[in-house]
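Coordinate analysis (summary)
One-letter residues, chain by chain:
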Amino acid sequence: MKLKKRISMLLAITLLTSILAACSKGTDKGGSTALPPQEPGQYGDTGGLILPLVDEPTTITYMLPSNAKDLGPNKLVVQEIEKRTGIKVNFQTYSPQTYQDKLKVIVASGKLPDIFTGLKPAELKKIGKQNGVVAINEYADQLPNFKKLYMEENDWVIKSFGDEAGNIYTWPIYNLNRKVNHGFMFRKDIFDELGIKEWTNTNEFYEALKKVKEAYPDSYPYASKSLANIFRDWAFGWGLGNTDQYPAYYDEKDGTWKYAAVQQEHKDMLDFMKKLYNEKLLDPEFLTDTQDSWTTKMTTDKSFVTFDWIGRLDLFYNQIKEQNPDYDLRYANPVGPTGNIRTLPEVSDFSVAVAKNKNTETSLKLLDYLTSPSGSELMTIGVEALNFEWGEDGFPVYPELKDLPLVDITVLEDRYAMWLEGAYLRPDHRSIYYRFSEKEQEAQDKIVNEDRFEPLDPILNFTDEETSKIAELQTSLQKSAEEFNSKYILDAGYGDAEWENFRGQISKGGVEELMAIYNEAQKRYDESK
């Protein structure tokens, strides 16, 4: 009996010793591997967060759109996040083409991923009020990077992106946009050949198109692939622009919101377009061209001036340099009386949200880390000495990708899970995305050096009732405006009488009611300052 008791005691002591030994080697009482502490600064500036972020290994799900074929555990970013934070991220990705449909199904099921992106702001606020996703501001004391960027340095963010109770359910993206991303472009090789100087105002733009037409009578000098968005794109030059709310825009002169499609400046713009169309300077297919047909025109001397994304400056050249090595598409001065282009916001909203569940705090801390300078570098540059080294120009070089003809953010996404839309939250401007080609840099300098930007309009915060009413009015009004714009330009019989008739009809048809909603929201915005 005594022997059995001694054996039992020895076994108990041995078991206890084993447990203590295991704990000292990093095993917690739950049987999972405890995470070793990390040296402060080991992974750069975390903005005040202490790594790892969790006491024991934790897995979260993160849903976002991506065309990358494999974002599994073998990817560098997935491995590095786990090593640094203790959080294993299971990226659930769907192609951008099917993402919204898939998201709707998942939201309807109520089985939300821990982190996801892509809901419309009004839908996200509605789910937030139902406790499906968390109000991020309520966890601010645990989130030093969020608190600093969006509650201290940019305190307008919660007023604009939050709900009327002051709760914010979306995690914004900081400093994504390049200063100049779109604008007018012209074939400098053709202009030089014809002795035409780049325009500096709207009349010189018109005269330049005429001279090109004289030299190339079968051409239509200006072509577009923007469809009805051409009215929005050109509107900034007439002082009526707004990137997200167009045709609604904020008039800084009297501090009110107005509807661009009924303003005299808009008619002036339509009259100018009509003049270009009548003189065959504007491609008659400017409202229907596809990207392919537009590309053909811009690369085969059928058209010479357009409006697009600055990446096109080099893309077109690379497409046809074998056939036409002199092809030289360049960024041009703006058109319109203001001479300005749009201002892109410093803070963007992609509706990145965190579900309310057992992983809420872990998910929020992960987003806060990805927002820190350390997380920013990981998601948009990589891991120095592991997948990149610094080049002489101050931008990263990826040795194992040196044989690829082009290393862009799509390649980095596919190879390393970097630059995932919805997971990069504070892009590092040392990334290759911000390394401009000579032509792209010329575009930046042309606009930035002369500060030719239209003011950024306020981002308003609408109530649920207002959002519902806006949705009811906006689509039909915009459709009416676009139909009238087209007829006014294309139909020779349309003139001042048709314009006045259209203004009267659309104003009574909801424009006044819509603008009253905007101006009431603006009043609240001003009072909250």
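Residues numbered from 1 in each chain as written. Predicted model: local features only at pLDDT ≥ 70, side-chain atom pairs only at ≥ 80, totals over all residues. Heavy atoms only, no water.

Our next topic: the packing of helix α11 (residues 291-299) against helix α12 (residues 312-320). Helix-helix packing is characterised by the crossing angle of the two axes and by the distance between the axes. Two elements in contact, α11 and α12, have axes separated by 11 Å at closest approach and are oriented at 75 degrees. With respect to their mutual orientation, α11 and α12 come out roughly perpendicular. Across from Gln-291, Trp-294, Thr-295, Met-298 and Thr-299 in α11, the residues of α12 making contact are Arg-312, Phe-316, Gln-319 and Ile-320. (Axes fitted to C-alpha atoms, helices over the stretch in contact; angles between N-to-C directions. Helix = DSSP H or I, 4+ residues; strand = E, 2+ residues; numbered from the N terminus. Parallel < 35°, antiparallel > 145°, perpendicular 65-115°, else oblique. Contact = heavy atoms within 4.5 Å.)

Positionally, Ser-507 belongs in helix α18 (residues 496-527). When residues no more than four places from it in sequence are discounted, the contact partners of Ser-507 are Val-262 and Glu-512.

Here the focus is the sheet that holds strand β8 (residues 305-309). The sheet built from three strands is open, its strands ordered β8-β5-β9 with antiparallel pairing. Two strands lie at the open edges of the sheet, namely β8 and β9 (329-331), each paired on one side alone. For this sheet the average axis-to-axis angle between neighbouring strands, irrespective of direction, equals 40 degrees. The sheet contact formed by strand β5 (residues 182-187) and β8 spans five bridges and is antiparallel. Opposite Gly-183, over in β8, you have Asp-308 as the bridge partner. (Pairing = 2+ DSSP bridges.)

It is worth spelling out the confidence of the model for the protein at this point. Regions with low pLDDT carry predicted coordinates that are not meant to be interpreted in detail. For the protein, per-residue confidence averages 92 on the pLDDT scale, and residues scoring 70 or more make up 94% of the total. Here residues 1-31 is modelled with pLDDT under 50, and outside its nearest four sequence neighbours on either side it reaches nine contacts, counting other chains as well. (pLDDT = per-residue confidence, 0-100.)

Looking only at helix α15 (residues 409-416), the buried set comprises Val-411, Leu-412, Glu-413 and Tyr-416. Where α15 is buried, its residues meet α2 (76-85). Its side-chain oxygen 3.1 Å from the backbone nitrogen of Thr-410, Asp-408 forms the N-cap of α15. Two residues or fewer past α15, Ala-417 is found with a positive phi of approximately 70 degrees. (Buried < 20%, exposed > 50% of the residue type's maximum accessible area, 1.4 Å probe, protein only. Polar contact = N/O pair within 3.5 Å; in protein donor to acceptor, adjacent residues only side chain to side chain.)

Moving on, we come to the packing of helix α17 (residues 464-490) against α18. The contact between α17 and α18 brings their axes to 10 Å, and the two run at 150 degrees. The pairing of α17 with α18 is recorded here as roughly antiparallel in orientation. α17 and α18 meet at a crossing whose hand is left-handed. Looking at the contact of α17 with α18, its residues break down into 14 nonpolar, four polar and seven charged. (Left-handed = near helix turned anticlockwise from the far one by under 90°. Nonpolar A, V, L, I, M, F, W, Y, C, P; charged D, E, K, R; others polar.)

Further remarks concern the packing of aromatic side chains. On inspection of all chains with the given rule, the structure shows 36 aromatic pairs. When the ring of Trp-156 is compared with that of Phe-161, the centres are 5.9 Å apart and the planes differ by 65 degrees; the resulting orientation is edge-to-face. Classification of Phe-161 as buried rests on a relative accessible area of 10%. When the centroid spacing of 4.9 Å and the interplanar angle of 85 degrees are considered together, the rings of Tyr-433 and Tyr-434 count as edge-to-face. Looking at Tyr-433, the relative accessible area reads 21%, which means it is partly exposed. Among the aromatic side chains, those forming a connected cluster through ring pairs are Phe-184, Phe-186, Phe-191, Trp-199, Phe-205, Tyr-222, Trp-234, Trp-238, Phe-272 and Phe-307. The lysine or arginine in question, Arg-178, covers the ring of Tyr-433, its NZ or CZ lying 4.3 Å from the ring centre. Lying over the aromatic face of Tyr-488, Lys-274 brings its terminal NZ or CZ to 5.2 Å of the ring centre. (Phe/Tyr/Trp six-rings, centres within 6.5 Å; stacked < 30°, edge-to-face > 60°. Lys NZ or Arg CZ within 6 Å of the ring centre and 35° of its normal.)

The next point concerns unusual backbone geometry. Peptide bonds are, in most cases, trans, and in most cases residues other than glycine have a negative phi. The step from Leu-51 to Pro-52 runs through a cis peptide bond, and the omega angle for that step is -5 degrees. Within the secondary structure, Pro-52 is located in the loop between α1 (2-24) and β1 (58-65). The amide bond that connects Tyr-246 to the next residue, Pro-247, takes the cis arrangement and shows omega of 10 degrees. Examined against the element boundaries, Pro-247 turns out to sit in the loop between α9 (229-235) and β6 (248-251). Even without glycine at this site, Asn-131 takes up a positive phi of about 65 degrees. Even without being a glycine, Ser-351 presents a positive backbone phi close to 55 degrees. Structurally, the position occupied by Ser-351 is in strand β10 (residues 347-354). The exposure class of Ser-351 is buried, given its relative accessible area of 3%.

A few words on the side chain of Asp-368. Position of Asp-368 relative to the elements: it lies in helix α13 (residues 360-371). It is Arg-426 that comes nearest to the buried, bridge-free Asp-368 among opposite-charge side chains, at 8.7 Å. Within the structure, Asp-368 has its side chain in polar contact with the side chain of Asn-145 (distance 3.1 Å). If near-sequence neighbours (up to four positions away) are discounted, Asp-368 is found in contact with Leu-49, Leu-143, Pro-144, Asn-145, Phe-146 and Trp-171. (Lys, Arg positive; Asp, Glu negative; His and termini not counted. Salt bridge = Lys/Arg side-chain N within 4 Å of Asp/Glu carboxyl O.)

Let's shift gears to the sheet that holds strand β4 (residues 171-174). Spatially, the five strands line up as an open sheet ordered β2-β1-β3-β10-β4, and their pairing is mixed. At either margin of the open sheet sits one strand with a lone partner, and together these are β2 (87-94) and β4. Across two bridges, the pairing between β1 and strand β3 (residues 115-116) is parallel. Looking at the pairing, Met-63 lines up with Phe-116 of β3.

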